[in-house]
Amino acid sequence: MTDASLSRLTLSTGVELDAQIAGPEDAPAVILLHGFPESHRTWRHIVPDLARDHRVVAPDQRGYARSSKPDGVAAYAPDRIVADLLALADALGIDRFTLVGHDWGGAIAWMAALSHPDRIERLVIVNAPHPLVFQRSLFDDPAQRAASQYITRFRDTGLDRGLIGEGLERFFTSNFAAHVTTAIAGADKAAYLDEWGQPGAMTAMLNWYRASPIIVPAQDEAPPRPAFLNAPFPPVTQPTLVIWGTQDKALLPVQLEGLDTLVPNLTIERVDAGHFVPWQNPDAVIAAIRRWGV
């Protein structure tokens, strides 16, 4: 089920990524980063519209689908994935670009915007928490802490052994379909199961959680509070649009609280969708992006 529309790119970071590339080469560039447990297909309803007047690049990030899956948890540390993003832009001759990210792709987008303002001109975040707001909420907001306990389950390497064959079907139903508000069937379901079934894919995808420095306290735990939670945090300097699906059960509205103090040039658009906003309500996402001026 290899997607003939994808280009295979060899990056200076030592990995090969598949990417969907669309739109005029000389148009302003937009890079779209998917989250867990998806692929470039997250943006299947978004790319055609943006490609009318942008050069659009939607990669399968490291560990996903048929892109490279380096061994070991350390290979999926966030700084490695940010490096992939910049190497991807370099490989395509893209200097400055608008960066759009959903879920884990959004987490990487926040990091990239903070660390590389020279490359990232504008930022669009779709249901992905700012790193400081998220970590603070895991300590201070009981509801968000409860909603995030799945991260601890995903960090258990014993999970991987069951994620083949019928185990993938169970994962699809319990950990993916349960978080959406629309049915997934037919070609969409087949595509997900094909991507997840690639050798080493589930372990590599889950390694993003295992490599993350985010602390997820247990429900009844009172661990030492990280000092950075109460220290000054650098602002995101780029114009930033946050699109938020209000029915998200994994990332709660607390993720929007106080965000304007960390992102001075901030626009928030709330839309009717669950966590997987880009394909649950793509028209609302496109409208928000276009209204914002992309």
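Just so you know, these numbers come straight off a predicted model, no measurement behind them. (Residues numbered from 1 in each chain as written. Predicted model: local features only at pLDDT ≥ 70, side-chain atom pairs only at ≥ 80, totals over all residues. Heavy atoms only, no water.)

Visitor: Would you explain helix H9 (residues 201–211) in this entry?
Guide: At 3.6 residues per turn, the α-helix brings residues three or four places apart onto the same side. Most of H9 is tucked away, with 10 of its 11 residues classed as buried. Those residues of H9 not exposed but buried are Ala201, Met202, Ala204, Met205, Leu206, Asn207, Trp208, Tyr209, Arg210 and Ala211. (Buried < 20%, exposed > 50% of the residue type's maximum accessible area, 1.4 Å probe, protein only. Helix = DSSP H or I, 4+ residues; strand = E, 2+ residues; numbered from the N terminus.)

Visitor: Quick question: what am I supposed to make of unusual backbone geometry here?
Guide: Leave glycine aside and you will find that most residues have negative phi; peptide bonds, for their part, are mostly trans. For the bond running from Phe36 to Pro37, omega is -5 degrees, close enough to zero to count as cis. Take Pro37: it is sitting in the loop between strand E3 (29–33) and helix H1 (47–50). Notably, Ala65 is not glycine yet its phi reads approximately 50 degrees, a positive angle. Secondary-structure assignment places Ala65 in the loop between strand E4 (55–59) and helix H2 (78–91). Note on Ala65: relative accessible area 4%, which makes it buried. Even without a glycine there, the phi angle at Asn127 is positive, about 45 degrees. Within the secondary structure layout, Asn127 lies in the loop between strand E6 (120–126) and helix H4 (131–140).

Visitor: Please clarify how the pairing of strand E5 (residues 97–102) should be interpreted in this entry.
Guide: A regular strand places its side chains so that they alternate between the two faces of the sheet. Judged by how many residues are buried, E5 sits mostly within the fold: six of six residues are covered. Here E5 shows a buried face lined by Phe97, Leu99 and Gly101 and a second buried face lined by Thr98, Val100 and His102. Here E3 pairs with E5 via four bridges, running parallel. What sits directly across from Leu32, in E5, is Val100. Alignment of E5 against E6, held across six bridges, turns out to be parallel. Bridge pairing links Phe97 to Ile120 in E6. One crossover worth recording links E5 to the parallel E6 by way of helix H3 (residues 104–115), and it is right-handed. (Pairing = 2+ DSSP bridges. Right-handed = clockwise from strand over helix to strand, strands pointing away.)

Visitor: Please explain the environment of Ile120 as it appears in this structure.
Guide: Residue position: Ile120 is located in strand E6. Judged by its relative accessible area of 0%, Ile120 falls in the buried class. Spatially, the C-alpha atoms of Ile120 and Ala109 are 9.1 Å apart, while their sequence positions differ by 11 residues. Non-local contacts of Ile120, meaning those with residues more than four positions away in its chain, are made with Arg96, Phe97, Leu99, Ala112, Ala113 and Gln238. (Contact = heavy atoms within 4.5 Å.)

Visitor: When you look at the packing of H2 against H3 in this model, what are you seeing that I'm missing?
Guide: For any two helices packed against each other, the geometry is given by the interaxial angle and the distance between the axes. Across the interface, H2 lies against H3 with an axial gap of 10 Å and an inter-helix angle of 75 degrees. On the basis of the axis angle, H2 is roughly perpendicular to H3. Contacts between H2 and H3 involve Pro78, Asp79, Ile81, Val82 and Leu85 from the former and Ile108, Met111, Ala112 and Ser115 from the latter. The class makeup of the residues in the contact of H2 with H3 is seven nonpolar, one polar and one charged. (Axes fitted to C-alpha atoms, helices over the stretch in contact; angles between N-to-C directions. Parallel < 35°, antiparallel > 145°, perpendicular 65-115°, else oblique. Nonpolar A, V, L, I, M, F, W, Y, C, P; charged D, E, K, R; others polar.)

Visitor: What is the right way to look at the sheet that holds E4 in this model?
Guide: Adjacent strands of a sheet pair through backbone hydrogen bonds, lying either parallel or antiparallel. If you walk across this open sheet you meet the eight strands as E1-E2-E4-E3-E5-E6-E7-E8, and the pairing is mixed. Both outer strands of the open sheet, strand E1 (6–10) and strand E8 (266–271), are each paired with one neighbouring strand and no more. Strand-to-strand twist in this sheet, taken as the mean axis angle between neighbours without regard to direction, amounts to 25 degrees. Sheet analysis places strand E7 (residues 240–245) next to E8, joined by six bridges and oriented parallel.

Visitor: Please clarify how the pairing of strand E2 (residues 16–22) should be interpreted in this entry.
Guide: For E1 and E2, the ladder comprises five bridges, and the chain directions are antiparallel. Considered in E2, the bridge of Leu6 is made with Gln20. In this structure, the hairpin formed by E1 and E2 is closed by a connection of five residues, where Gly14 is found at a positive phi of approximately 95 degrees. Bridge count for E2 against E4 is four bridges, and the pairing is antiparallel. The partner of Gln20 across the bridge, within E4, is Ala58.

Visitor: Could you clarify how one ought to interpret the packing of aromatic side chains in this entry?
Guide: Here a ring pair, both rings aromatic, is described through the centre-centre distance and the interplanar angle of the planes. Using the criterion set out here, one finds 10 aromatic pairs in the structure. Considering the side-chain rings of Trp104 and Trp208, the 5.6 Å spacing of their centres and the 75 degrees angle between planes classify their relative orientation as edge-to-face. Within this pair, whereas Trp104 is found in helix H3, its partner Trp208 is found in helix H9, the two being separated by 104 residues in sequence. Side by side, Trp104 and Trp208 carry an identical accessibility label, which is buried. Through a chain of ring-to-ring contacts, the aromatic side chains of Phe36, Tyr64, Trp104, Tyr150, Phe154, Trp208 and Tyr209 assemble into a single cluster. (Phe/Tyr/Trp six-rings, centres within 6.5 Å; stacked < 30°, edge-to-face > 60°.)

Visitor: Got a minute to help me understand empty space enclosed by the protein in this structure?
Guide: Any empty space left between atoms is shown by rolling a water-sized probe over those atoms. Under the criterion given, the structure shown has one cavity of 30 Å³ or more. Size it by volume and the largest cavity reaches roughly 30 Å³. Considering the residues around the largest cavity, the lining is formed by Leu17, Leu33, Pro59, Gln61, Ile81, Asp84, Leu85 and Leu88. Considering only residue class, the lining of the largest cavity consists of six nonpolar, one polar and one charged. (1 Å grid on protein atoms, 1.4 Å probe; cavity = no way out; pocket = protein on both sides within 12 Å on 5 of 7 lines; lining within 4 Å. Points joined across faces, edges and corners; volume = space filled by probe spheres on them.)

None of the figures reported here should be taken as evidence of function without further support.
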